[in-house]
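Each chain is listed here by its residues.
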Amino acid sequence: MDQDFAPTNPEDALLLAADAARAMLESGGETYRAEETAVAVAAALDGAEAECYATPTGVTISFFGLDGHVHSIVRRIKRRAMHLERVALIDALARSLAAGERGYAAAAAELDRIERLPGHSVAAGAAAAAAGAGFFALLFGGAWNDALVAAATGALVTSFTPAMARKRVPDFFTNLLAGAAATLLCLGARSLGLATSSDATVIGVLMLLVPGITVTNAIRDTIAGDLVAGVARGADAFMSAAAISAGAGAAYQLWRLLGGAMG
Amino acid sequence: MRLLDPLWAGLATAGFGAMFNLRSRDLPLAAAGGALGWAVAAPLQAATGSQAIAYCVVSIAIGAWSELVAAFRKRPASVYIACGIIPLVPGGGMYYTMLAYVRGDNWNGLSTGLGTLLAAGAIAAGLAISGAVSRLILSAGGGSRLSR
C-alpha cells in the first residue's frame, strides 16, 4: 500500500478516529454522527470490528488492528460550543476516508486544519447575538425600541459569557449571572422608558441563553436509541434552564423589592 | 399571525446560524428554513388549537427542507436542522414557566412547563420522522453506509 495512504501503526488510526469523534461532539454534532465518524475512520484505516461509544461527556473507541491486537482509547469532552462548519467538514472528512478518496496523511492534516478553524470573532458573535435577540423580541410581539434594547443587551450578555468559560467559571454560575444580568438590564431599560414591553425584551435576550436546542437534541438522542447520551443532554439542559431561571427569577424579585414596576 | 413575522423568524435564525459558526453562504438557506417553519407553524397552531401537533408537522417540513438542501449542498442535514428549528425551540415557554413560578403561580408554572416539554418532544418527533423517511429513500437509492 502507498506510504502516505496507510497509517504507520494502529495507534495513529486510533488517535485520528478519537480526535475526529471528539471534535464532532465538541462542535455540537449528534451522538450517532460522532460514533459513525469514529467507526468510519477506524475502519477505513484497516481497523477491524471498530466500535465507538459516545456520550456528550466522553468517547470510547476500540478496534482489532492488523497487528492482531485490540486497541482502545478514551477521550473526555469538557467544553462544548456549536460550530456547524466543523461538523460539516468532519463529516465530509469521514466520508472521503470511507470512500478511499483520502489517505491517512491527508486526513490527519485535514483534521488538524479543521480543529484550528477559528470561530467567529467577539465582534461578529456580538452582532449575531444582537440580531438573534432583536428579531426574537419582534417575533414575541415587541416594538422596535424593544428590539433595539434586546439587541444591545443580548450583545452585551453573550460577549462576556465566553470569557467566563475561558476562566473556568462553572457553567451553572455563568448562566445564573447571565439570566440575572439580562433581566435587570431589560427591566432597567423599561423603567427608563427605552423599552415598552419587558416580556418581549427579556424573552428576546433569554432566547440566546435557554437550552432549547439541547432539550430538543436530548429527546432526539433518546428517540435514536442513544439513551445514556439523551439522559446526559437532558440533565445538561435542565441544569442550564434551572440556572437561567434562578438568575432571572432572583432579578425579578430584587426588582420588585426595590419598588420597580413589573409587566 | 402578523405578516412580517416569518421575516423576523428568518432573520433571528440567521443570527443564530452566525452564532453557531455556519458559513455565510449557508445562512440564507438556513434562514429560509426558519422563516418557512414559522410561516406554517402559526396558522397551523391557530387551526388545530394544538401547539404539539403544529410543531410536529412543521418539524417534519423543516426536516424535509434541510434534507433537500443538504443533498444539494452535500453537507449533513443536521447543520440546517439546528438552525431551522430555532424559532420553534421553546425558549419563550421556558421564560413564561419561570415567570409563573416567580409570581408564585405554581399551577400555571407547572402547566406551562409541561406544555414546553411537550413542544420540545413534538419537534424531536417530527425530526425523527423526516430523518427516518429520508434515510429510507436514500438507502433505496443505494447510498453510503454513513447516514446523512
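All values derive from a computational prediction rather than experimental measurement. Counting starts from 1 at the beginning of each chain's written sequence and moves along it residue by residue. Each chain gets a letter, beginning with A, and each ligand a number, beginning with 1, in the order they are written. In view of the model being predicted, local features appear only for residues whose pLDDT reaches at least 70, and side-chain atom pairs are presented and counted only at 80 or more, with totals across whole chains, interfaces and linings using the full set of residues.

(A) Highlighting the overall build of chain A. Secondary structure elements follow DSSP: runs of H or I of four or more residues count as helices, runs of E of two or more count as strands, with numbering from the N terminus. Secondary structure summary: chain A contains 10 helices and 3 strands in total. The principal-axis extents of the C-alpha atoms in chain A amount to approximately 75 × 30 × 30 Å. For the exposure call, what matters is how many other C-beta atoms sit within 10 Å of a residue's own: 20 or more marks it buried, 12 or fewer exposed, and in between partly exposed, using C-beta atoms placed from the backbone. The buried share among the 263 residues of chain A stands at 54%. The long-range share in chain A, meaning contacts at least 24 apart out of those at least 6 apart in sequence, stands at 66%. Note that contacts rest on C-beta atoms placed from the backbone: two residues are in contact if these are within 7 Å.

(B) Spotlight on the interface of chain A and chain B. In this assembly, 45 residues from chain A lie in contact with 40 residues from chain B. For the side of chain A that touches chain B, the elements supplying multiple residues, two or more each, are helix H2 (31–44), helix H3 (84–98), helix H5 (122–139), helix H8 (198–209), helix H9 (212–223) and helix H10 (227–257) of chain A. With 10 residues, the single largest contributor to the side of chain A that touches chain B is H5(A). Note that Gly is not counted as nonpolar here; it falls among the polar residues with everything else outside the nonpolar set of Ala, Val, Leu, Ile, Met, Phe, Trp, Tyr, Cys and Pro and the charged set of Asp, Glu, Lys and Arg. Class assignment of the residues belonging to the side of chain A that touches chain B gives a composition of 28 nonpolar, 10 polar and 7 charged.

(C) Local environment of the pairing of strand S2 (residues 58–64) of chain A. Residue and element names in this part refer to chain A. By the alternation rule, side chains of S2 split into Val59, Ile61 and Phe63, which are all buried, and Gly58, Thr60, Ser62 and Phe64, of which none is buried. Two elements, strand S1 (residues 48–55) and S2, share 6 bridges in a ladder whose sense is antiparallel. Pairing of Thr55 across the sheet is with Gly58, part of S2. Should DSSP find at least two bridges between two strands, the strands are taken to pair. Turn length for the S1-S2 hairpin, with the two strands adjacent in sequence and antiparallel, is 2 residues. The pairing of S2 with strand S3 (residues 70–76) spans 7 bridges and is antiparallel. Looking at the pairing, Phe63 lines up with His71 of S3. The antiparallel pairing of S2 with S3 creates a hairpin that spans 5 residues between the two strands, and Gly68 there sits at a positive phi of about 85°.

(D) Seen up close, H5(A). Helix span, as expected, comes to 1.5 Å for every residue beyond the first. Taking 1.5 Å as the rise per residue, H5(A) with 18 residues should run 26 Å; its terminal C-alpha atoms sit 25 Å apart, in good agreement. H5(A) sits mainly inside the fold: 13 of its 18 residues count as buried.

(E) Representation of the nonpolar core. Of all hydrophobic cores here, the largest spans 133 residues; its most connected members are Ala17(A), Ala20(A), Ala21(A), Ala38(A), Val41(A), Ala42(A) and Leu206(A). In terms of residue count, the dominant contributor to this core is H5(A) (11 residues). These domain boundaries are the output of an automatic or database domain assignment. Three or more residues apiece are contributed to this core by two domains, here domain 1 (10–116) and domain 2 (122–257) of chain A. Filtering out sequence-adjacent residues up to four positions away, Leu206(A) remains in contact with Gly179(A), Ala182(A), Ile244(A), Ala248(A), Gly91(B) and Tyr95(B). Nonpolar cores are built from buried Ala, Val, Leu, Ile, Met, Phe, Trp, Tyr and Cys residues. These are joined into a set through C-beta atoms within 7 Å.

(F) Expanded view of the confidence of the model for chain B. All names here are of chain B. Each residue carries a pLDDT value, the predictor's own confidence for that position, ranging from 0 to 100. Here chain B averages 88 in pLDDT, and 93% of its residues register 70 or above. Of all helices and strands in chain B, the one with the weakest mean pLDDT is helix H5 (residues 91–102) (81), whereas helix H1 (residues 5–19) scores best (94). ipTM for the predicted complex: 0.90, alongside a pTM of 0.90.

(G) Region of interest: unusual backbone geometry. Although it is not a glycine, Glu49(A) adopts a positive phi angle of roughly 50°. Within the element layout of this structure, Glu49(A) appears in strand S1. With 11 C-beta atoms counted inside 10 Å, the residue Glu49(A) sits in the exposed group. One non-glycine residue, Lys74(B), lies in the positive phi region at around 55°. Inspection of the secondary structure assignment puts Lys74(B) in the loop between helix H3 (51–73) and helix H4 (77–84). The exposure class of Lys74(B) is exposed, given the 11 C-beta atoms found within 10 Å.

(H) Summary view of the sheet that holds S2(A). Residue and element names in this part refer to chain A. What the 3 strands build is an open sheet, ordered S1-S2-S3; its pairing is antiparallel. The strands lining the two open edges of the sheet, one partner per strand, are S1 and S3. Ignoring which end each strand starts from, the neighbouring axes of this sheet average 10° apart. Inter-axis angles, ranging from 0 to 180 degrees, are taken between N-to-C directions of lines fitted to C-alpha atoms, where helices are fitted over the stretch in contact. The strands touched by helix H1 (residues 10–26) within the sheet are S1, S2 and S3, with S2 carrying the most contacts at an inclination of about 150°. Across the sheet, H2 lies against S1 and S2, angled at about 155° from S1, the strand it touches most.

(I) Seen up close, the domain arrangement of chain A. Residues and elements named next belong to chain A. Under the domain assignment used here, chain A contains domain 1 (10–116) and domain 2 (122–257). Computed from C-alpha atoms alone, the centre-to-centre distance between domain 1 and domain 2 is 33 Å. Contacts between the two partners involve 7 residues from domain 1, matched on the other side by 9 residues from domain 2. Contributing elements (two or more residues each) for the side of domain 1 that touches domain 2: H2 and S1. Tallied by class, the residues present in the side of domain 1 that touches domain 2 amount to 3 nonpolar, 3 polar and 1 charged.

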